[in-house]
Each structure stands twice: as C-alpha cells, then as structure tokens.
Amino acid sequence: MSKDKIIQAAIEVFSENGYHRASMDEIAARAQVAKGTLYYNFPGKSQLFKTVVKQGIEDIMQRTEAELNSPLPMKEKIERVIRDHLDLFLESRHFSHIVFNEISNGIEQEVLDELKELKRKYLSFLASIIEEGQCEENLCRAVDANLAAASIVGTLESTCNYYLNHQDAYSRDDLEQFAFTMITQGLFISLE
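Along every chain, residues carry numbers that run from 1 in the direction the sequence is written. Reporting of local features is limited, given that this is a predicted model, to residues whose pLDDT is at least 70; pairs of side-chain atoms are given and counted only at 80 or more, and all residues count toward the totals for whole chains, interfaces and linings. Neither water nor hydrogens contribute to the side-chain values; these are computed over all heavy atoms in the structure.

Moving on: the pattern of salt bridges. Any carboxyl oxygen of Asp or Glu that lies within 4 Å of a side-chain nitrogen of Lys or Arg is treated as forming a salt bridge with it. The full count for this structure, using the stated rule, is ten salt bridges. Note that arginine 30 and glutamate 26 form a salt bridge whose closest N and O atoms lie 3.3 Å from each other. Note that arginine 30 and glutamate 26 are positioned in helix 2 (residues 24–31) at a spacing of four residues, about one turn of the helix. Note on classification: 1.4 Å probe, protein chains only; a residue is buried when its accessible area is under 20% of the maximum for its type, exposed when over 50%, partly exposed between these limits. Classification of glutamate 26 as partly exposed rests on a relative accessible area of 28%. Through salt bridges with shared partners, a single network forms among Glu12, Glu16, Glu26 and Arg30. Here a helix means four or more residues in a row that DSSP labels H or I, a strand means two or more in a row labelled E, and each is numbered from the N terminus.

All right, on to the layout of surface pockets then. Of the grid points, spaced at 1 Å and generated over the protein atoms alone, those admitting a 1.4 Å probe that cannot get out make up cavities, while open sets with protein on both sides within 12 Å along at least five of seven lines make up pockets; any residue with an atom within 4 Å of a point is treated as lining. Grid points are joined across faces, edges and corners, and a volume is the space filled by probe spheres set on the points. Taken as a whole, the second largest pocket encloses approximately 180 Å³ of empty space. Around the second largest pocket, the lining is made up of 14 residues, and of these Ile11, Gly56, Leu88, Ser92 and Phe95 lie nearest the centre. Broken down by secondary-structure element, the contributors of at least two residues to the lining of the second largest pocket are helix 1 (2–21), helix 4 (45–68) and helix 5 (74–91). Here the nonpolar group is Ala, Val, Leu, Ile, Met, Phe, Trp, Tyr, Cys and Pro; Asp, Glu, Lys and Arg are the charged ones; every other residue, Gly included, is treated as polar. A per-class count over the lining of the second largest pocket returns five nonpolar, four polar and five charged.

Ring pairs shown here join Phe, Tyr and Trp side chains whose ring centres sit within 6.5 Å, with only the six-membered ring taken for Trp; geometry is labelled stacked below 30 degrees between planes, edge-to-face above 60, and tilted in between. Counted under the stated rule, the structure contains four aromatic pairs. Among the aromatic side chains, those forming a connected cluster through ring pairs are Phe14, Tyr19 and Phe49. Two thresholds decide whether a charge sits over a ring: the Lys NZ or Arg CZ must be within 6 Å of the ring centre and within 35 degrees of the ring normal. A cation over an aromatic ring shows up here: lysine 45 above the ring of tyrosine 19, its NZ or CZ 4.7 Å from the ring centre.

Spelled out as structure tokens, the structure:
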C-alpha cells in the first residue's frame, strides 16, 4: 500500500536528514510514489512527521497494553514491557533517531501537543499498572506511580540511545538484563 511505503520512506528521510532538511520531494522519491499521492495522503510535512511518530508510540502502547493486561505476574509483565520498548527502538534505528533527536527540534506546536498527549496517556497507563503492583501484589515500592512510569520510559529510551552508539560493547541480552535490573531494583521491594 502506498501509504505504508510513504511512512517507511519518511522514517528514513527524517532520520537521515532531520525534520527541517527533510523534503516532501525526497520522501516521494524514496517511496516511489507521485508527489500527488504523497500530498493526497499527507497534506504537509508536519502531518507526515506526526503520523510517523504517532504510529511508533501507538505500536509500543498496543504491545505494552497486551502484555500488561495479561494474567502474568508483575515481574514478567515488567520484563515484557522492557523487551517491547527495546525491540521497538532497536529494530527501527531510523525511528529511534527521530524519537531521540527530532521530536523537540522546532516541530510545530500543534504536532508537539498531540504527541505529548499521546505520551501522557501511555505514561498514565503504565502508572496504573505500577499502582496495581503496589496494591494488589504488594510487590512495588510505595512511590509516585506517575514519576515511576516516566522514569521507566526515560530509562529505556536513554539506555537504547546509548546502546545504539555503543553496540560493540554490549549484547542485546546484556542490554535487556541491565534495563530490567535498573528499573526493578528501584521499583520492587523484593523479586522473590
């Protein structure tokens, strides 16, 4: 489908050139679609950029929601959330570059506001799971669940960003274990 080709091409072009230097012409050429097709699907560069980022965030939200709504113990839920985040950022280096370097780089305020709201919903969802762990399983420390959720996502994003620049120093398994230890040692009372 041409829309999917456009989005994939946009991810690559935004990652390689940055938001401001990326051109709709280059995106159309990379996607091998006519400029009319590009503009029919996305009236402007900011709308295309928003779609790219929104799809990535929604993907991780859907994966995480499925994992966290499963009947697994809290420890396994958190392990899977960590794995899903790492998978998203490590499987698509271009998307990672956009998230780590372009989101706050002079993007239109309306687009930023929509993306912030999406991230707020995701953090709220994670916070509710942390609260569940505090109440029902007495597994999580009594911490502010919203700050804990933001810390988990921040830790994962920072760890992925660091890893992408130092891949020779760590294995993928090392990265996952490190993130799990960093997050759970501060969050869980006990893992036993």
